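# Coordinate analysis (summary)
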Amino acid sequence: MKVQHSLLAIMLTSSMLVSCNPNEPTPEELKQKALELATYLSDNYQVGDSVFFETETGETEGFVVQGNEFIPLQISNEPDYGEDVKFILEGYCISTVFKSENTNFLVELFLKSNEYPKVICRASINDWMYFEEPVITVTEESIFFCQSDIRFTLSKNVGLVQVSGKGHTWTLKQ
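### A closer look at the overall build of the chain
Regarding its fold elements, the chain presents two helices and eleven strands. Out of the 174 residues belonging to the chain, those deemed buried represent 35%. At a minimum sequence separation of 6, the contacts of the chain that also span at least 24 residues come to 44%. Of the roughly 10,500 Å² of accessible surface on the chain, 52% is carried by carbon and sulfur atoms.

Laid out in structure tokens, this is it:
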């Protein structure tokens, strides 16, 4: 009987240790990293801004920023949302929506404490190939991510600089 109790205690302790994320950041570290990511996207725009891209045919397509957010993601520690509800910071979402007469781009970057330091991206072009994929490349100057033939490139302190997919390309006109 003592052996069973000891075995059970060892198994529980082991599973608790395995389930801990040694990379989980402090709330301040998470916020600083999210603010850094915002310099590639949301910091560069205000809702209503006009942004112009050159298409693969050499034409200029004008977009208006329809949405631009830096959102803390929080979860409640109380399932019934009682009076003593405490919210726990889970991460951040950095999101920008661009809309032209014929085209929509959505770019979202997610940084979550349980997946730190991995950055997750969601992006779409006119609702084609909506995807969620870990960022492929992050450098000090750019973020590049893709899936299949859709690619988005973000540049630090500039924002969205190139989009391509379904045989079309949009390059930021500066």
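### A short note on the packing of aromatic side chains
Evaluation of the coordinates by the stated rule reveals nine aromatic pairs. Their ring planes at 85° and their centres at 5.3 Å tell us that phenylalanine 53 and phenylalanine 63 sit as a pair that is edge-to-face. In this pair, phenylalanine 53 sits in strand E1 (residues 50-55) while phenylalanine 63 sits in strand E2 (residues 60-76), placing the two residues ten residues apart along the sequence. Given a relative accessible area of 1%, phenylalanine 63 falls into the buried group. Note on phenylalanine 63 and phenylalanine 105: the rings are 4.7 Å apart at their centroids and 20° apart in plane angle, and the pair reads as stacked. Of the two residues, phenylalanine 63 is situated in strand E2 and phenylalanine 105 in strand E4 (residues 104-112); the sequence distance between them amounts to 42 residues.

### Here's the deal with the nonpolar core
Core analysis: the largest hydrophobic core is formed by 33 residues, its most contacted members being Phe105, Leu109, Phe152, Leu154 and Leu160. With residues up to four places along the chain from it excluded, the contact list for leucine 109 reads Leu37, Leu41, Tyr92, Cys93, Ile94, Val119, Ile120, Cys121, Ile143 and Leu154.

### Brief notes about the pairing of E1
Within a regular beta strand, the side chains point alternately toward one face of the sheet and then the other, so they alternate between its two faces. Along E1, the buried face is formed by Val51, Phe53 and Thr55; none of Ser50, Phe52 and Glu54, which line the opposite face, is buried. As judged from the three bridges shared by E1 and strand E11 (residues 168-172), these two strands associate in the antiparallel manner. Bridged to glutamate 54 within E11 is threonine 171.

### Let's talk about the confidence of the model for the chain
Averaged over all residues, the pLDDT of the chain equals 84, while 76% of them reach at least 70. In the model of the chain, helix H1 (residues 2-19) stands out as the element of lowest mean pLDDT, 46, in contrast to E1, which has the highest, 98. In the model, residues 7-19 has pLDDT below 50 throughout and makes zero contacts with residues more than four positions away in sequence or in other chains.

What counts and what doesn't
- Residues numbered from 1 in each chain as written.
- Predicted model: local features only at pLDDT ≥ 70, side-chain atom pairs only at ≥ 80, totals over all residues.
- Heavy atoms only, no water.
- Helix = DSSP H or I, 4+ residues; strand = E, 2+ residues; numbered from the N terminus.
- Buried < 20%, exposed > 50% of the residue type's maximum accessible area, 1.4 Å probe, protein only.
- Contact = heavy atoms within 4.5 Å.
- Areas by Shrake-Rupley, 256 points an atom, 1.4 Å probe, with all protein chains shown as cover.
- Phe/Tyr/Trp six-rings, centres within 6.5 Å; stacked < 30°, edge-to-face > 60°.
- Core = buried A, V, L, I, M, F, W, Y, C linked by side-chain atoms within 4.5 Å.
- Pairing = 2+ DSSP bridges.
- pLDDT = per-residue confidence, 0-100.

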